[in-house]
Amino acid sequence: MEGIIVIKCGGSTMEQLPDTFFQAIAKLQGEGKPIVIVHGGGPAINGMLDKVQITPQFVDGLRVTCEDTLRVVEMVLCGSINKALVRRLTQAGAKAWGASGIDGQTLIAEKTTKPLGWVGEVKQADTTIPLAILGQGYVPVIAPLSVSADGSDAFNVNADIAAGAIAASLSAEKLVMVTDVPGILRPLSDGSKELVQETSADEIHQMIADGVITGGMIPKVQAALDALGQGVEQVVICRGTAEDILAVSAGEAVGTTVRMNVNQPQ
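Calculation rules
Residues numbered from 1 in each chain as written. Predicted model: local features only at pLDDT ≥ 70, side-chain atom pairs only at ≥ 80, totals over all residues. Heavy atoms only, no water. UniProt positions renumbered as here; feature names shortened; annotations may be inferred. Pairing = 2+ DSSP bridges. Helix = DSSP H or I, 4+ residues; strand = E, 2+ residues; numbered from the N terminus. Contact = heavy atoms within 4.5 Å. Axes fitted to C-alpha atoms, helices over the stretch in contact; angles between N-to-C directions. Buried < 20%, exposed > 50% of the residue type's maximum accessible area, 1.4 Å probe, protein only. Parallel < 35°, antiparallel > 145°, perpendicular 65-115°, else oblique. Nonpolar A, V, L, I, M, F, W, Y, C, P; charged D, E, K, R; others polar. Core = buried A, V, L, I, M, F, W, Y, C linked by side-chain atoms within 4.5 Å.

An unreviewed UniProt entry lists the protein under the name Acetylglutamate kinase, with Brevibacillus nitrificans as the source organism. The record in UniProt for the protein states the following under Pathway (unreviewed entry): "Amino-acid biosynthesis; L-arginine biosynthesis; N(2)-acetyl-L-ornithine from L-glutamate: step 2/4."

Structure below.
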């Protein structure tokens, strides 16, 4: 299937997404544009962890997931967050179908060797379920849980990484990462910041080394580079307003566009 756009909605932005965002998705779907949504849910997970008295921990922007945390993550992401997104899409006139990376072994992972607990490193992304849902005329809404090859273990996966893996497996035209900032911001000498409108792999590695890209933006850009390396044409990091989504679909410049080579044509 050609022309797929994968949109990753961050947990910190979902409650702020206006109705017009979902209306834009419905408009694109009505025009025949295949859209896949992968979502996070960090604030909702943290809220539930607080209720059950588990203190969230992070390493380099990635959640440390003990067994108890994994149960909460699965409940929140596959349950309340996933279905809330499906409802809002339905209310906007779109047809949406909720799933997770566990369903149909869409995301097969192995437990990371990093000190992150039950976090998976994606080894394979299967297109069967997303393409089946798209083929029935629905927007797949995918929660970033993964499963071991033998199905015995579930793992948490950072939503940016999950979105990158799914976009790569689908050979997506674009991966759009919706966040709470307009894109990658570079500090200026006067203390202000400027938007990096276009960047490349080499520049991103340098910005990480220089401390320009930090925290939760690191997994975003790493997922972007992984997706580009596996055939995704371009990655856009932006706020995800309705105007942004429609502009990205139309090929207009929005936020920060990441390509393997900044001289690559539109």
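Focus on the sheet that holds strand β11 (residues 174-178)
One open sheet holds the eight strands; their spatial order is β5-β8-β2-β1-β11-β15-β16-β14, and the pairing between them is mixed. Of all strands in the sheet, those with a lone pairing partner are β5 (96-100) and β14 (198-199), marking the two edges. Where strand β15 (residues 234-238) meets strand β16 (residues 256-258), three bridges bridge the pair, whose relative direction is antiparallel. Within β16, the position partnered with V236 by the bridge is T257. Contacting β2 (35-39), β5 and β8 (139-143), helix α5 (residues 128-135) crosses the sheet at an angle of about 150 degrees to β8.

Some words on the UniProt feature "site: Transition state stabilizer" (unreviewed entry) in the protein
UniProt records the feature "site: Transition state stabilizer" (unreviewed entry) at K8 and K220, using the numbering of this structure. In summary, the annotated positions, though distributed over 213 residues, converge in three dimensions, the widest C-alpha pair being only 9.9 Å. Note on placement: K8 falls in strand β1 (residues 5-9). Residue class for K8 comes out buried when judged on its relative accessible area of 5%.

Notes on the packing of helix α2 (residues 19-30) against helix α4 (residues 67-91)
Angle between the axes and distance between the axes: these two values describe a pair of packed helices. Viewed as axis vectors pointing N to C, α2 and α4 meet at an angle of 70 degrees, and their least axial separation amounts to 8 Å. Considered as vectors, α2 and α4 are oriented roughly perpendicular to each other. Packed against α2, whose contacting residues are D19, F22 and I25, the element α4 presents L85, R88 and L89 at the interface. For the contact of α2 with α4, a count of residues per class yields four nonpolar, no polar and two charged.

What about the environment of L134?
Among the secondary structure elements, L134 is positioned in helix α5. Taking relative accessible area as the criterion, L134 reaches 10% and is therefore assigned buried. Each C-alpha atom, one on L134 and one on M14, is 22 Å from the other, the two residues being 120 residues apart in sequence.

Description of the nonpolar core
Most often, soluble globular proteins keep nonpolar side chains buried together rather than apart. Residues I7 and F21 are the most contacted members of the largest nonpolar core, which totals 41 residues. Top element by residues in this core is α4. It accounts for nine residues. If we skip the residues at most four places from it in the chain, F21 touches I7, C9, V178, G240, A242 and I245. Formed by 37 residues, the second largest nonpolar core is a distinct cluster that contains A163, I213, L228 and I237.

Examining the environment of V196
Its place among the elements puts V196 in the loop between β13 (193-195) and β14. Note on V196: relative accessible area 4%, which makes it buried. A sequence separation of ten residues divides V196 from R186, and the C-alpha atoms of the two residues are 6.6 Å apart. If sequence neighbours within four positions are ignored, V196 has contacts with I184, R186, M207, G255 and T256.

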